[in-house]
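What the coordinates show
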Amino acid sequence: MFYYVLKYVLLGPLLRLLFRPRIEGLEHIPADGAAIIAGNHLSFSDHFLMPAILKRRITFLAKAEYFTGPGLKGRLTAFFFRGAGQIPVDRSGKEAGQAAIREGLGVLAKDELLGIYPEGTRSHDGRLYKGKVGVAVMAIRAGVPVVPCAMVGTFEIQPPGQVVPRIKRVTIRFGEPLEFARYAGLENQKAAVRAVTDEIMYAILGLSGQEYVDRYAAEVKAELAKAEAARKFPRLRR
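Positions within a chain are numbered from 1, following the residues in the order the chain's sequence is written. Residues qualify for local features only when their pLDDT is at least 70, as the model is predicted, and side-chain atom pairs are given and counted only at 80 or more; totals for whole chains, interfaces and linings, by contrast, use all residues. Note that the side-chain values use all heavy atoms of the structure and ignore hydrogens as well as water.

Some details on the nonpolar core
Side-chain atoms within 4.5 Å are what join buried Ala, Val, Leu, Ile, Met, Phe, Trp, Tyr and Cys residues into a set we call a nonpolar core. We call a residue buried when its accessible area falls under 20% of the maximum for its residue type, exposed when it is over 50%, and partly exposed in between, using a 1.4 Å probe and counting protein chains only. Ranked by size, the top nonpolar core spans 32 residues in total, and within it Ile36, Leu108, Met138, Phe180 and Ile200 carry the most contacts. Every helix listed is a DSSP run of H or I at least four residues long, and every strand listed is a run of E at least two residues long, numbered separately from the N terminus. Where this core is concerned, the elements lending two or more residues are β2 (35–39), β4 (87–89), α5 (94–109), β5 (113–116), α6 (134–142) and α8 (190–208). With 7 residues, the top contributor of residues to this core is α8. Each residue touching Leu108, except ones within four places of it in the same chain, is listed here: Ala34, Ala35, Ile36, Leu114, Met138, Ala142 and Val144. In this structure, Leu15, Ala35, Leu54 and Tyr117 belong to the second largest nonpolar core, which totals 28 residues. Contacts between residues were defined by any pair of non-hydrogen atoms, one from each residue, lying within 4.5 Å.

Structure, rendered in structure tokens:
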């Protein structure tokens, strides 16, 4: 219930008014049945702009930290994300990844739309990073299409670290659904899930026009954080 109050009364109309999103390819979203919407992830705003313009409800796998913050702010954030239909996902290891896949398959089993960011985290510099294979495992196992999506301009309105977004028009672009029936039964084969994931990321790249980096974003972020710590505290390098 709260999802639809947000979408049609509280948040959705405000977002459409402020950011006037250009919508391209909306006809590629299935009118019914299960499907995965796989997009790039440039901004905190992505969580709200895409659901605001879709006719169907979409459930996203969101990082668990949004649901476990301390104090009143943390409780309000958790309430908001749960009400908006987000599912908390622990990103701390392989077992956590399997839990995320189970949650995602549960959404698809109900013939609903599942939203996922294959990069696994927001891009810190606006580039598109290598996709994690969970999206491929779910697509193959559930036998559902994957609709690639590109958020264009959301990095400029709210890059990482910026709390209040700039008011600027954005574009949300959907591509033709990708079918992977030819990989049926191969969701445990590394080569197969890597090929499917790369095909999905290539489709997102074609829609977004971003620069592509063939590395995981989380790894690059960790290296940058380590380098910054070494710069600030040079004695720690000894």
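Observations concerning the sheet that holds strand β1 (residues 22–24)
Strands are labelled as partners when DSSP assigns at least two bridges between them. The 7 strands lie next to each other as β1-β8-β7-β2-β5-β3-β4, forming an open sheet whose pairing is mixed. Looking at strand neighbours, the two that pair on one side only are β1 and β4, the edges of this open sheet. Sheet twist, expressed as the average angle between the axes of neighbouring strands with direction ignored, equals 25 degrees. Sheet topology places β2 next to strand β7 (residues 146–152); 4 bridges connect them, and they run parallel. Bridge pairing in β7 links Ile37 to Val147. Angles run from 0 to 180 degrees between N-to-C directions of axes, and those axes are lines fitted to C-alpha atoms, restricted for helices to the stretch in contact.

Focus on the packing of aromatic side chains
Pairing of aromatic rings covers Phe, Tyr and Trp, the last counted by its six-membered ring, and requires centre-to-centre distances within 6.5 Å; plane angles under 30 degrees mean stacked, over 60 mean edge-to-face, and any other angle means tilted. One pass over the structure, following the stated rule, counts 3 aromatic pairs. Ring centres 5.4 Å apart and planes at 65 degrees place the aromatic pair Phe44 and Phe48 in the edge-to-face group. Among the residues examined, Phe48 registers a relative accessible area of 15% and is labelled buried. Arranged with centres 5.3 Å apart and planes meeting at 25 degrees, the rings of Phe60 and Tyr117 form a pair that is stacked. Of this pair, Phe60 sits in strand β3 (residues 58–63) while Tyr117 sits in the loop between β5 and β6 (128–129), and the two are 57 residues apart along the sequence. With respect to class, Phe60 is no different from Tyr117; both count as buried.

A few points about the packing of α6 against α8
Two numbers describe a pair of packed helices, the interaxial angle and the distance between the axes. Across the interface, α6 lies against α8 with an axial gap of 8 Å and an inter-helix angle of 105 degrees. As far as their axial angle goes, α8 and α6 are roughly perpendicular. Taking contact as the criterion, the partners of Val135, Ala136, Val137 and Ile140 in α6 are, on α8, Val193, Val196, Thr197 and Ile200. Oblique is the label for any angle not under 35 degrees, not over 145, and not in the 65 to 115 range, which are roughly parallel, roughly antiparallel and roughly perpendicular in turn.

A closer look at the side chain of Gln210
Here Gln210 is to be found in the loop between α8 and β9 (212–213). Two N or O atoms form a polar contact when they lie within 3.5 Å of each other; inside protein one atom must be a possible hydrogen donor and the other a possible acceptor, and for residues adjacent in sequence the pair counts only when both atoms belong to side chains. One polar contact links Gln210 to Asn40, side chain to side chain, over a distance of 2.9 Å. Here the side chain of Gln210 touches Gly126 through a polar contact of 3.0 Å, landing on its backbone oxygen. Look past the residues within four positions of Gln210 in its chain and what remains in contact with it is Asn40, Leu42, Gly126, Arg127, Leu128 and Leu205.

Side note on the pairing of β5
Residues Leu113 and Gly115 point to one face of β5 and Leu114 and Ile116 to the other, with burial holding for every one of them. Where β2 meets β5, 4 bridges bridge the pair, whose relative direction is parallel. By the bridge assignment for β5, Ile37 is matched with Gly115. In terms of strand pairing, β3 meets β5 through 3 bridges, oriented parallel. Considered in β5, the bridge of Ile58 is made with Leu113.

Overview of α6
The periodicity of an α-helix, 3.6 residues per turn, causes residues three or four positions apart to be oriented the same way. With 7 of 9 residues buried, α6 is to be regarded as a mostly interior element. Taken as a whole, α6 has its buried residues at Gly134, Val135, Ala136, Val137, Met138, Ala139 and Ile140. Where α6 terminates, the next one or two residues include Gly143, which has phi positive at roughly 65 degrees.

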